[in-house]
Amino acid sequence: MESTTQSITFTPEQQAILNKLPKIVQQTLREYPSVAENFLDSRDLPDLAEECSVFEVYYDCEELPSIYIENGVIIPNDRPINTSPTVIEIMDLHSFVFIQVNKHVILNRLNGNMPTVTGIQVEV
């Protein structure tokens with residue numbers, strides 16, 4: 001029998017993988033099923049082999065990235081952040097490379113290849 005979390009259905013094999021995560025992470029993934037899907041889709045991909053020029057950082061499944069990094073320049077989203085995010089997801093151009101849920105890192109494919117930050121874009 002397949003498990004369903006809000007409109008996303010996981011196979012028994014996928015659910016078994018999710019069941020191995022810490023209980024607090026499992027609870028949060030029930031609230032954010034797309035994060036569970038992103039984790040399952042990216043967990044078997046290889047680690048990054050080199051520094052990427054583009055990263056998008058998402059907090060708590062927002063539609064737009066909270067932080068966008070391109071060619072070493074941070075381009076922040078103007079959305080105020082008043083509390084620590086429950087979920088942090090980082091994407092390169094192709095897939096998720098880092099996912100943290102309730103301070104538990106469940107995916108880390110960065111292999112130390114974060115972009116070198118050389119500036120911050122500020123609107124005047």
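Residues numbered from 1 in each chain as written. Predicted model: local features only at pLDDT ≥ 70, side-chain atom pairs only at ≥ 80, totals over all residues. Heavy atoms only, no water.

Caption draft 1: How the structure looks around the nonpolar core. Core analysis: the biggest nonpolar cluster contains 18 residues, and Leu18, Leu21, Leu29, Phe39, Ile99, Val101 and Ile106 have the highest contact counts within it. With residues up to four places along the chain from it excluded, the contact list for Ile106 reads Leu21, Val25, Phe39, Ile99 and Val101. Counting 12 residues, the second-largest nonpolar core is a separate cluster that includes Leu48, Ile74, Ile90 and Phe98. (Core = buried A, V, L, I, M, F, W, Y, C linked by side-chain atoms within 4.5 Å. Buried < 20%, exposed > 50% of the residue type's maximum accessible area, 1.4 Å probe, protein only. Contact = heavy atoms within 4.5 Å.)

Caption draft 2: Region of the structure containing the confidence of the model for the protein. For the protein, mean pLDDT is 88; residues scoring 70 or higher make up 94% of the total. Note that residues 1-5 has pLDDT below 50 and, in this model, 14 contacts with residues that lie over four places away or in other chains. (pLDDT = per-residue confidence, 0-100.)

Caption draft 3: Inspection of the packing of helix α1 (residues 12-19) against helix α3 (residues 33-42) at higher detail. The interhelical angle for the contact between α1 and α3, taken along N-to-C directions, is 100 degrees, at an axis separation of 11 Å. With respect to each other, α1 and α3 are oriented roughly perpendicular. Contacts between α1 and α3 pair Gln14, Ile17 and Leu18 from the former with Ala36, Phe39 and Leu40 from the latter. When the residues that make up the contact of α1 with α3 are grouped by side-chain class, the tally is 5 nonpolar, 1 polar and no charged. (Axes fitted to C-alpha atoms, helices over the stretch in contact; angles between N-to-C directions. Helix = DSSP H or I, 4+ residues; strand = E, 2+ residues; numbered from the N terminus. Parallel < 35°, antiparallel > 145°, perpendicular 65-115°, else oblique. Nonpolar A, V, L, I, M, F, W, Y, C, P; charged D, E, K, R; others polar.)

Caption draft 4: How the structure looks around unusual backbone geometry. A positive phi angle, near 50 degrees, is found at Asp60, a position not held by glycine. Following the sequence through the fold, Asp60 ends up in the loop between β3 (54-59) and β4 (67-70). Residue class for Asp60 comes out partly exposed when judged on its relative accessible area of 25%. Located in the positive-phi region is Asn71, a residue other than glycine, with phi close to 50 degrees. Its place among the elements puts Asn71 in the loop between β4 and β5 (73-76).

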